[in-house]
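# Remarks on the overall topology
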Amino acid sequence: QVQLVESGGALVHPGGSLRLSCVASGFTFSGYAMSWYRQAPGKERELVALITFTGRNTNYADSVKGRFTISRDNARNTMYLQMNSLKSEDPAVYYCVCNSNPISDSPRYWGQGTQVTVSS
């Protein structure tokens, strides 16, 4: 049974930092591209960042480039999202996603999400 368990969401001030984690189980983690998506109230779910199966390549939404960093530890079956310089437009539920192939965005499994709130 595939499980994706996110953690690390919290309330932070603008300009603050958070690190999200996603622990995966039930599949060969090292064989698939992984992504972070987010969804804010009233908005569509959007792709934030993607990392290929080896971790060698990453892609980011323009809105987070230079502020967020996606990474993975295949030995620990864990993916991370380091979020720096958080802005008022970043609050959302952040989802860990397993894609259906090693290199591109093709969501197959979703975690339950973790809430990120940015407020002064």
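Presented here is a report on the structure given in the accompanying data block.

Criteria and thresholds
Residues numbered from 1 in each chain as written. Predicted model: local features only at pLDDT ≥ 70, side-chain atom pairs only at ≥ 80, totals over all residues. Heavy atoms only, no water. Pairing = 2+ DSSP bridges. Helix = DSSP H or I, 4+ residues; strand = E, 2+ residues; numbered from the N terminus. Axes fitted to C-alpha atoms, helices over the stretch in contact; angles between N-to-C directions. Contact = heavy atoms within 4.5 Å. Core = buried A, V, L, I, M, F, W, Y, C linked by side-chain atoms within 4.5 Å. Buried < 20%, exposed > 50% of the residue type's maximum accessible area, 1.4 Å probe, protein only. Salt bridge = Lys/Arg side-chain N within 4 Å of Asp/Glu carboxyl O. Phe/Tyr/Trp six-rings, centres within 6.5 Å; stacked < 30°, edge-to-face > 60°. Disulfide = S-S within 2.5 Å.

## Quick word on the sheet that holds strand 8 (residues 78-83)
- Overall, antiparallel pairing links the four strands, which are arranged 1-3-8-7 in an open sheet. Across the chains shown, the open sheet's two edge strands, defined by having one partner strand only, are strand 1 (3-7) and strand 7 (68-73). Between one strand axis and the next, the sheet turns by 15° as a mean value, whatever way the strands run.
- Judged from the five bridges that link them, strand 1 and strand 3 (residues 18-25) form a sheet pairing that is antiparallel. What sits directly across from S7, in strand 3, is S21.

## Quick word on the environment of P14
- Positionally, P14 belongs in the loop between strand 2 (11-12) and strand 3.
- In the structure, P14 is positioned 104 residues away from V118 in sequence and 5.8 Å away in space, judged by C-alpha atoms.
- Setting aside chain neighbours within four positions, we find P14 in contact with L86, V118, S119 and S120.

## Things to note about the nonpolar core
- Grouped together as the largest cluster of nonpolar side chains are 28 residues, with contacts concentrated most on M34, W36, M79, L81, M83 and Y94.
- Secondary structure elements with two or more residues in this core: strand 3, strand 4 (34-39), strand 5 (46-51), strand 7, strand 8, strand 9 (92-99) and strand 11 (114-118).

## Remarks on the pattern of salt bridges
- Counted according to the given criterion, the structure contains five salt bridges.
- The partner of K65 in a salt bridge is D62, and the shortest N-O contact between them spans 3.2 Å.
- Here D62 falls in the exposed class, since its relative accessible area comes to 66%.
- Here the salt bridges share partners, and the residues they tie into one network are R38, E46, R67 and D90.

## Thoughts on the packing of aromatic side chains
- Summed over all chains, the structure comprises four aromatic pairs.
- Ring centres 6.3 Å apart and planes at 55° place the aromatic pair F27 and F29 in the tilted group.
- Judged by its relative accessible area of 16%, F27 is buried.
- Aromatic ring contacts, followed pair by pair, group F27, F29 and Y32 into a single cluster.

## Considerations on the state of the cysteines
- Applying the stated rule across the entire model yields one disulfide.
- Unpaired in this structure, C98 has its nearest cysteine sulfur neighbour in C96, at a distance of 8.0 Å.
- Judged by its relative accessible area of 2%, C98 falls in the buried class.

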